[in-house]
Structures are given as C-alpha cells and as structure tokens.
Amino acid sequence: MTLQAAQKPPAAGAGTKSLYGGTSTRRLTVHDIAAAKARGEKWPMLTAYDAMTASVFDEAGIPVILVGDSMGNCHLGYDTTVPVTMDEMTFLSAAVVRGTKRALVVGDLPFGSYQEGPVQALRNATRLVKDAGVGAIKLEGGERSLPQTELLVQAGIPVMSHLGLTPQSVNTMGYRVQGRSDEAAHRLLRDAKAAQDAGAFAVVLELVPAELAAEVTRSLHIPTIGIGAGAGTDAQVLVWTDMAGLTGGKVPRFTKQYANLRETLGDAARAFAEDVSGGAFPAEEHTFH
Ligand SMILES: Nc1nc(=O)c2c([nH]1)NC[C@@H]1CN(c3ccc(C(=O)N[C@@H](CCC(=O)O)C(=O)O)cc3)CN21
Ligand SMILES: CC(C)C(=O)C(=O)O
Ligand SMILES: [Mg+2]
C-alpha cells in the first residue's frame, strides 16, 4: 500500500457495514461487533488514554478503542496495572469518549474494582457507563469472574472478557505465555465458553499459543481479540504506545512498531530547545506588536 493510500481507511470495497473502512458515522455498538464475526471480518483494536490520541484513531477508522488499565504503565508511570484506580479509569475513559465519534469505547475495570463480587463490579461498571460514557466494560478472568459477568449483562452493560495472561494477576502469574500444558489449554477453553455463556460479547486472549487461540476462536460464536495470540483470532489489539513506538525500554515480542514516536517527539523537543537557546524562536511571525 502506498503512503497516500494508507492515510484514509478504505471506504470503497470494504462494504458499508465493515467495522474498519465502513461508511457509517454513528457510534458503533456491540451489535456491530457481533455482525463482523458472522461476516468473517478481521478488525483492529487499539488502546487510548486521552482525547487527542483517541480522536486520531477514531479518524483513522479504528472501530474499537480500549481504555486499558495499561494506562498504569503507559500513561501514569506505574510499573504494573495493579495500582490503577476507578477515579483514574473514569476520568481518562471520559476523555476518550469525548475524543471519539464512531468508535465503541471499552473501559477496563481495574484491579480491586470487581474482585469482591458482582455487586461491587456492577457499582464500578455503572460508574464507567454513566460518568465516562463507555459502551462496554472489560474484566479479567473466565470462570472466576462469572457472577460478575452475568450480573453486568443482566443490568444491560456489555462485557468483554480477558483470558490467558491477565496482567492484574502479575503477582501470582508473572508475564508468561498461558495455556501451554494440556490442562491449562482445557482450562482456557472452559473459561472462554463460560464467558460466552455468561453473556460476554467478546473475549481477549493474551499471550497464548496461536493454535490454542485459533481453536478457541473456532469454538465460540463471539469474537476473539488476540494480543500475542497469533493470526487465528477474529481481531487484534495492541497497546497504542507500543504500536506507535512511544513506549520506552523493552516491549513485548508480540508488538509490531508502526512508527517511532519516541524519536520523532525527542527530535521535536531538541529542535525547539536549540531554537530557544540560539534565539531562532520566536521569530517575527510568532510575535505581536
Ligand atoms: N506497554 C505495555 N504493553 C503491553 O502489552 C502491556 C503493558 N504495557 N502492561 C500491561 C500488560 C502486561 N503485558 C505484558 C508484559 C510483559 C510481557 C513479556 O515480557 N512477555 C515475554 C514473553 C514471555 C514468555 O515467553 O513466556 C516477551 O518477551 O514478550 C508480555 C505482556 C501486556 N500488557
Ligand atoms: C492489552 C489490553 C488487552 C489491556 O487489557 C490493556 O491495555 O489494559
Ligand atoms: Mg487491561
């Protein structure tokens, strides 16, 4: 694809109903996501943590934007997602909703906001829906989060499930590939079916072997969204700062870097600093008399 062609989502040929490249400008819903699985469409999802970045992705045609608790690492400067609070999730989710017109915005329930039980989960999910305006929430865990998923769905809140590596459990699980043994593979399949039966509209599969992710994808009627789960899932998600090359330090091997924002932004900051110290900025055109 030429650079020119890459600047706009492909409206022609993609079909009016496509999630990516579709011509509809109304806000997408979980019904649009369900219809994409029936068509066999593969679709992209990115995280965002602020209005401006979210507006760029919305204009690029990204149909689903996740306000991930990865904001802990990628926006708030923590080492893990564990410290992220409901206040942080609510404020930043509201910003992402304000920055978007078309994308379905999904908000992560952070660690400690749903583990106490379904009533706590409903209280906090309701906050993301009412105060931030998200169209769906995501929570980690299959069978262990079943009562939460069922109550939220009953209450009218669409739930995205998150299986495989669940980073909120880093202190017990680490950041290892999940589902490698036969027993763990069966557990993942059971968790995915349990999430679907409880009414989840989609399942994230993080850091699982590609063959297993493909098998889960074939055995569910709801879409699977992979991250480090191979090419056989219905959708793919990446953390936006990894995808755009803004994250400093080591990034997971499953990430593909489509830009080098860290270098671009550093260059801009250094050029500004040079101009100020050398007296080249501000020039006459930036000056009022
Ligand atoms: N910047 C960023 N990107 C992410 O994808 C991400 C976050 N932060 N924070 C929350 C979780 C944590 N995630 C992680 C973190 C580390 C690995 C990691 O080190 N994986 C090893 C593979 C380990 C193995 O082979 O078992 C790797 O080399 O990719 C993976 C996912 C994914 N999420
Ligand atoms: C990586 C995705 C699935 C996530 O949960 C997050 O960004 O918090
Ligand atoms: Mg998350």
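Residues numbered from 1 in each chain as written. Chains lettered and ligands numbered in written order. Predicted model: local features only at pLDDT ≥ 70, side-chain atom pairs only at ≥ 80, totals over all residues. Heavy atoms only, no water.

Trainee: I'd like a description of the coordination of the magnesium ion (ligand 3), backed by residues and values.
Mentor: Donor atoms from the polypeptide that coordinate the magnesium ion (ligand 3) comprise Asp69 (OD) and Asp108 (OD), at 2.1 to 2.2 Å from the metal. Of this pair, Asp69 sits in the loop between β2 (64-67) and α4 (71-74) while Asp108 is found in strand β3 (residues 104-108), placing the two residues 39 residues apart along the sequence. A single burial state applies to Asp69 and to Asp108, both of which are buried. (Donors = N, O, S within 2.8 Å, 3.2 Å for Na, K, Ca; no water. Helix = DSSP H or I, 4+ residues; strand = E, 2+ residues; numbered from the N terminus. Buried < 20%, exposed > 50% of the residue type's maximum accessible area, 1.4 Å probe, protein only.)

Trainee: Account for the site of ligand 1, naming residues and giving values.
Mentor: In the vicinity of ligand 1 lie 16 residues, with Asn73, Val177, Glu206, Asp242 and Arg253 positioned nearest. In this structure, an oxygen atom belonging to ligand 1 sits 2.9 Å away from a main-chain N or O atom of Val177. Compared with its free state, where it exposes 670 Å², ligand 1 has 76% of that area covered by protein. A per-class count over the shell around ligand 1 returns nine nonpolar, two polar and five charged. (Near = heavy atom within 4 Å. Polar contact = N/O pair within 3.5 Å; in protein donor to acceptor, adjacent residues only side chain to side chain. Areas by Shrake-Rupley, 256 points an atom, 1.4 Å probe, with all protein chains shown as cover. Nonpolar A, V, L, I, M, F, W, Y, C, P; charged D, E, K, R; others polar.)

Trainee: Describe the pairing of strand β8 (residues 235-238), with residues and values.
Mentor: Where strand β1 (residues 43-47) lies against β8, four bridges are found, and the strand directions are parallel. Looking at β8, one finds that Leu46 is bridged to Leu238. Looking at chain direction, strand β7 (residues 224-227) and β8 are connected through two bridges and run parallel. By the bridge assignment, Gly226 is partnered in β8 with Gln236. (Pairing = 2+ DSSP bridges.)

Trainee: Which residues make up the sheet that holds β8, and what values do they have?
Mentor: Around the barrel, which closes on itself, the eight strands sit in the order β1-β2-β3-β4-β5-β6-β7-β8 with parallel pairing between neighbours. Direction aside, neighbouring strands of the sheet carry axes that sit 25 degrees apart on average. Relative to β3, β2 runs parallel, the two sharing four bridges. Paired with Ile65 across the strands is Val105, a residue of β3. (Axes fitted to C-alpha atoms, helices over the stretch in contact; angles between N-to-C directions.)

Trainee: Mind laying out the site of ligand 2, listing which residues take part and the relevant values?
Mentor: Near ligand 2, the surroundings consist of Thr47, Leu66, Gly68, Asp69, Ser70, Asp108, Lys138, His162, Val204 and Ile227. Between an oxygen atom of ligand 2 and a side-chain N or O atom of Asp69, the distance comes to 2.8 Å. One of the side-chain N or O atoms of Ser70 is found 2.6 Å from an oxygen atom in ligand 2. In isolation ligand 2 has 260 Å² of accessible area, and contact with the protein removes 95% of it.

Trainee: Provide a residue-level description of the confidence of the model for the chain, including the pertinent values.
Mentor: Overall, the prediction assigns the chain a mean pLDDT of 95, with 94% of residues at 70 or greater. Complex prediction metrics read pTM 0.94 and ipTM 0.95. (pLDDT = per-residue confidence, 0-100.)

Trainee: Describe the packing of helix α9 (residues 182-197) against helix α10 (residues 210-219), naming the residues involved and giving the relevant values.
Mentor: Between α9 and α10, the shortest axis-to-axis distance is 10 Å and the interhelical angle comes to 30 degrees. Relative to α10, α9 is oriented roughly parallel. Relative to α10, the crossing made by α9 is right-handed. Across the interface between the two elements, Ala185, Leu188, Leu189, Ala192 and Lys193 of α9 pack against Leu212, Glu215, Val216 and Ser219 of α10. Here the contact of α9 with α10 is built from residues that sort into six nonpolar, one polar and two charged. (Parallel < 35°, antiparallel > 145°, perpendicular 65-115°, else oblique. Left-handed = near helix turned anticlockwise from the far one by under 90°. Contact = heavy atoms within 4.5 Å.)

Trainee: Account for the packing of aromatic side chains, naming residues and giving values.
Mentor: Applying the stated criterion to the full structure yields two aromatic pairs. On the numbers, 5.8 Å between centres and 65 degrees between planes, the contact of Phe57 with Trp240 is edge-to-face. Here Phe57, found in helix α3 (residues 51-59), pairs with Trp240, found in helix α11 (residues 240-243); they are 183 residues apart in sequence, far enough to count as distant. Note on accessibility: Phe57 and Trp240 belong to one class, buried. Aromatic pair Phe272 and Phe281: ring centres 6.0 Å apart, planes at 65 degrees, arrangement edge-to-face. (Phe/Tyr/Trp six-rings, centres within 6.5 Å; stacked < 30°, edge-to-face > 60°.)

Trainee: Can you break down the environment of Glu150 residue by residue, with the values?
Mentor: Secondary-structure assignment places Glu150 in helix α7 (residues 146-154). Between the alpha carbons of Glu150 and His221 there is a distance of 17 Å; along the sequence they are 71 residues apart.

Trainee: Outline the side chain of Glu140, listing residues and values.
Mentor: Its location among the elements puts Glu140 in strand β4 (residues 136-140). Here Glu140 occupies a buried position and makes no salt bridge, while the nearest side chain of opposite charge, Arg144, is found at 5.0 Å. Among the polar contacts made by the side chain of Glu140, one reaches the main-chain amide nitrogen of Gln168 at a distance of 3.1 Å. (Lys, Arg positive; Asp, Glu negative; His and termini not counted. Salt bridge = Lys/Arg side-chain N within 4 Å of Asp/Glu carboxyl O.)

Trainee: Explain the pairing of β7 to me, using residue names and the numbers behind them.
Mentor: The side-chain alternation of β7 yields two buried faces, one formed by Thr224 and Gly226 and the other by Ile225 and Ile227. Across four bridges, the pairing between strand β6 (residues 202-206) and β7 is parallel. Along β7, the bridge assignment pairs Glu206 with Ile227. For the segment spanning β6, α10 and β7, crossover handedness is right-handed. (Right-handed = clockwise from strand over helix to strand, strands pointing away.)

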